[in-house]
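# Summary of structural features
These are the residues of each chain, in order.
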Amino acid sequence: MPIRDVLVSTAVDLGQASFVGANIHITTEQASPVLNTVEINLGGASVIAQALEIDLSVASPVAQNTAIDLTISASIITSNILDLSAATQINQQHWIDLSAASQINQNTIISLNTSDAVDQQTVIVLDSAVAIDSLVDINFDSATAIDVPVQIDLSAAIAIDAAISLDLSQAQTVEGAVVICLQCYGAAGGTPQQPGDGVIGSPVRVEMDLSWTVQTSNGDWRLIPVSKYLHRVSDDANIDVSEEGFNLRTDLSSFGYSFDATIVGDTAYHLLTEQDTTECVAHVNGFDVPVLIESVEPAGAATLGNQMTWRVMGRSPSSNLALPRQRKITMKFSTATTAAQVASTVLTAANNVAGDTWVLNWAIDDWDIPADVLSVENLSPMQIIRRLADAVGAYISTDRDTRTLNVRYIYPKNPTQFIEGDQAAVIQDNFVIQRGESQINVPGYNRVIYRGVNTGCIVQSTLTGTAGDIEAPVQTQSMILTPQVGRNAGRFFLYENGYAQRGHSFTMPISAEYPMIEPGAVVKVNSAWFGITDSLSITAKLGSALQQVTVRRYT
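Please read all numbers here as calculations on a predicted model, not as lab measurements. (Residues numbered from 1 in each chain as written. Predicted model: local features only at pLDDT ≥ 70, side-chain atom pairs only at ≥ 80, totals over all residues. Heavy atoms only, no water.)

Attention now goes to the overall build of the protein chain. Along the backbone of the protein chain there are four helices and 51 strands. A total of 555 residues make up the protein chain; the buried ones form 51% of that total. Sequence-distant contacts in the protein chain: of pairs separated by 6 or more residues, those separated by 24 or more amount to 75%. Summed over its atoms, the accessible surface of the protein chain is roughly 23800 Å², and 48% of this surface lies on carbon and sulfur atoms. (Helix = DSSP H or I, 4+ residues; strand = E, 2+ residues; numbered from the N terminus. Buried < 20%, exposed > 50% of the residue type's maximum accessible area, 1.4 Å probe, protein only. Contact = heavy atoms within 4.5 Å. Areas by Shrake-Rupley, 256 points an atom, 1.4 Å probe, with all protein chains shown as cover.)

Given below as structure tokens:
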């Protein structure tokens, strides 16, 4: 009679055997559920000379820990198979530990290939194996969802002489990190050295859906799962996006993101066009960027699966504060006020027109504006706020989580004097896929005079540590209403035009491990230098989610 349930621990202990000379076949293939720990312990066997097979292939759930312990076997000379291939759910941690085996001479196959879900951490540890001479095959190829980390760690192996295969090619979603660690190989017979110095005698094969696998600029391989979708805010309806995915871009001169995508089918089209304005959220690997759809047009004559494709374009919802959705303002401020008060006044007016609730985060110094010296003509509320920000070297950004408009300095301090702790993000070569570098030509001014138009305020600024002997042409600016404004304007001008600069671009994954780096962020690069982020571009398509960040370095 078939065993229907295995309700308690099942233990097979060969831990003291010094030699196992024949086949070992352990099976619970008729058990419907395996509800508690299944432990196979060969931890003291010095040699396992014949095939070892552990078969749980028909168990519907394997509900608790499954531990296969071969940790101190000196040699595993022939095939070793752990088969959970037909289990519909594996709910707890599974640990396959070969970490102390000095040699694995034949095939080692770990198969989870038809599991519907792998819900807990699966760790395959080979980290102390001196040599791996034949195929190691870790197969998840039909799993529909992998929700937590899958890690294959070979970081301490001295030599890998045969193929290593990780197959996730049929997985529909991979929400957890998948990492193959190959960073520390040393020469055969020696000790681990720097990444790239070691010996990999045969292919390390990673088969995934298109380009989930990326190789960083220092030769390390990273497997980055991709989760991307577009949904409508009003009802969380999902929008079908083509394999081409979507793009998001922003920079210091923009107040928010621009967006474009290709959508598929009439249903997606109607979801984006049945309202005058449609707000959506573009999701990429855990990061959400709200966008307001501005146009939906046919994507040429292209069709996908006999369905029409449409080109969609939009911007951040803060585009409601700009033309063409806003009326132009012409007015003169006849009473004394401040820059922050002016910005708040026009933002309130914009909210009234758009029916929105934007608030202002004025994160720079405020300054006084005397009565009757400031006037605006035919400007949108956003243009007025930008005019104030530009006067003192500030930029505007749209918060991704709230209806907040941020006004911050581009240079919170002298960009040549950043120190540890100033950075908001870190960039390391071990997750850079591609990089570029270019010279930025600057005139090298170290002295500038700013002159106001209405008040006649004149301010002279000199770059710290210089003789002030390379003077820029006089800068005239209508917002130079006080000496304080003039000093801020001069400081920004000299930082922009006085220091030698180089532009650096970094293409990296985007994920929880590699968060998106937005313009204005101070970054530390390779623990070597600091810079300021100029722009961010995100491309999310089938099998790929990458960000390209441009950073300025000042010397």
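Now that the structure has been shown, the text picks up again.
In a regular helix each residue adds 1.5 Å, so 16 residues correspond to 22 Å; helix H4 (residues 483-498) covers 21 Å between its end C-alpha atoms and thus fits that length. Here H4 has its buried residues at Val485, Gly486, Asn488, Ala489, Gly490, Phe493, Leu494, Tyr495, Asn497 and Gly498. (Expected span 1.5 Å × (residues − 1).)

The next thing to look at is the pairing of strand E32 (residues 258-264). Among the seven residues that make up E32, six are buried, leaving the element largely enclosed by the rest of the structure. Looking at chain direction, strand E31 (residues 241-251) and E32 are connected through five bridges and run antiparallel. Bridge pairing links Val241 to Ile263 in E32. Linking two consecutive strands that pair antiparallel, namely E31 and E32, is a turn of six residues. For E32 and strand E35 (residues 307-315), the ladder comprises seven bridges, and the chain directions are antiparallel. What sits directly across from Asp260, in E35, is Met313. (Pairing = 2+ DSSP bridges.)

Taken as a whole, this structure holds 15 salt bridges when the rule is applied. In this structure, Arg400 and Glu518 form a salt bridge, with 3.3 Å as the shortest nitrogen-oxygen distance. A residue pair is termed long-range when its members are at least 10 positions apart, and Arg400 in the loop between strand E41 (394-398) and strand E42 (404-409) and Glu518 in the loop between strand E48 (501-509) and strand E49 (522-525) qualify at 118 residues. Take Glu518: its relative accessible area is 27%, and that puts it in the partly exposed class. When the shortest N-O distance is used, the salt bridge between Glu437 and Arg502 registers 2.5 Å. Taken together, the positions of Glu437 in strand E44 (residues 434-440) and Arg502 in strand E48 put the pair 65 residues apart, joining distant regions of the chain. What emerges from the salt-bridge pattern is a single network uniting Arg232, Asp235 and Glu274. (Salt bridge = Lys/Arg side-chain N within 4 Å of Asp/Glu carboxyl O.)

Moving on, we get to the environment of Ala472. Positionally, Ala472 belongs in the loop between strand E46 (458-462) and strand E47 (475-477). Sequence separation between Ala472 and Phe493 is 21 residues; the distance between their C-alpha atoms is 9.5 Å.

Another aspect to go through is unusual backbone geometry. For the bond running from Leu323 to Pro324, omega is 5°, close enough to zero to count as cis. Along the chain, the position of Pro324 falls in the loop between E35 and strand E36 (329-333). In this model, Asn378 sits at a positive phi of 55°, which is unusual for a non-glycine residue. A positive phi is found at Ser527, a non-glycine position, where the angle reads about 55°. For Ser527, the location among the structural elements is in the loop between E49 and strand E50 (529-541).

This part takes up the sheet that holds strand E45 (residues 447-452). Sheet architecture is open: three strands sit in the order E46-E45-E47, paired in mixed fashion. Each of the sheet's edge strands pairs with one partner strand only, and the pair in question is E46 and E47. Mean inter-strand twist for the sheet, computed between neighbouring axes without regard to direction, equals 25°. Summarising the sheet, E45 and E46 pair through five bridges and their orientation is antiparallel. (Axes fitted to C-alpha atoms, helices over the stretch in contact; angles between N-to-C directions.)

Assignment of secondary structure puts Ser380 in the loop between strand E40 (374-379) and helix H3 (381-391). Setting aside anything within four residues of it in sequence, one finds Ser380 in contact with Leu321, Ala322, Leu323 and Arg327.

So, on to the nonpolar core. Within the largest apolar cluster, 57 residues are counted, with the highest numbers of intra-cluster contacts made by Trp362, Trp367 and Ile369. With 44 residues, the next largest nonpolar core counts Tyr257, Val432, Ile510 and Val549 among its residues. (Core = buried A, V, L, I, M, F, W, Y, C linked by side-chain atoms within 4.5 Å.)

Let us look at the packing of helix H2 (residues 339-354) against H3. Two elements in contact, H2 and H3, have axes separated by 9 Å at closest approach and are oriented at 165°. Between H2 and H3, the crossing angle belongs to the class labelled roughly antiparallel. For the pair H2 and H3, the sense of crossing is left-handed. On H3, the residues that touch Ala339, Val342, Ala343, Val346, Leu347 and Ala350 of H2 are Pro381, Ile384, Ile385 and Leu388. Per-class residue counts for the contact of H2 with H3 are 10 nonpolar, no polar and no charged. (Parallel < 35°, antiparallel > 145°, perpendicular 65-115°, else oblique. Left-handed = near helix turned anticlockwise from the far one by under 90°. Nonpolar A, V, L, I, M, F, W, Y, C, P; charged D, E, K, R; others polar.)

Enumeration over the complete set of coordinates arrives at 11 aromatic pairs. Ring geometry for Tyr411 versus Tyr554: centroids 5.6 Å apart, planes at 85°, classification edge-to-face. Here the residue Tyr411 occupies a position in the loop between E42 and strand E43 (425-427), and Tyr554 occupies one in strand E51 (residues 544-554), the gap between them amounting to 143 residues. In this structure Tyr554 comes out as buried when scored by relative accessible area, which is 7%. Ring centres of Tyr495 and Tyr499 lie 6.2 Å apart, and the angle between their planes is 20°; on these two criteria the pair is classed as stacked. The residues Tyr495 and Tyr499 share a single accessibility class, namely buried. Among the aromatic residues, ring-to-ring pairing joins Tyr411, Phe492, Tyr495, Tyr499 and Tyr554 into one connected group. In this arrangement the basic side chain of Arg491 is found over the ring face of Tyr409, its NZ or CZ atom lying 5.1 Å from the centre. (Phe/Tyr/Trp six-rings, centres within 6.5 Å; stacked < 30°, edge-to-face > 60°. Lys NZ or Arg CZ within 6 Å of the ring centre and 35° of its normal.)

Here the focus is the environment of Ser461. Mapped onto the elements of the fold, Ser461 is located in strand E46. You can call Ser461 buried: its relative accessible area is 10%.

Whether parallel or antiparallel, the strands of a sheet pair through hydrogen bonds between backbone atoms. Read from one edge of the open sheet, three strands run E38-E42-E41, paired in mixed fashion. The sheet terminates laterally at strand E38 (359-362) and E41, the two strands that pair on one side only. For this sheet, the mean inter-axis angle between neighbouring strands, taken without regard to orientation, is 20°. Of the strand pairs in this sheet, E41 and E42 are connected by five bridges, and their pairing is antiparallel. What sits directly across from Tyr395, in E42, is Arg408. Against the sheet, H3 makes contact with E38, E41 and E42, and its axis sits at roughly 140° relative to E41, the strand it touches most.

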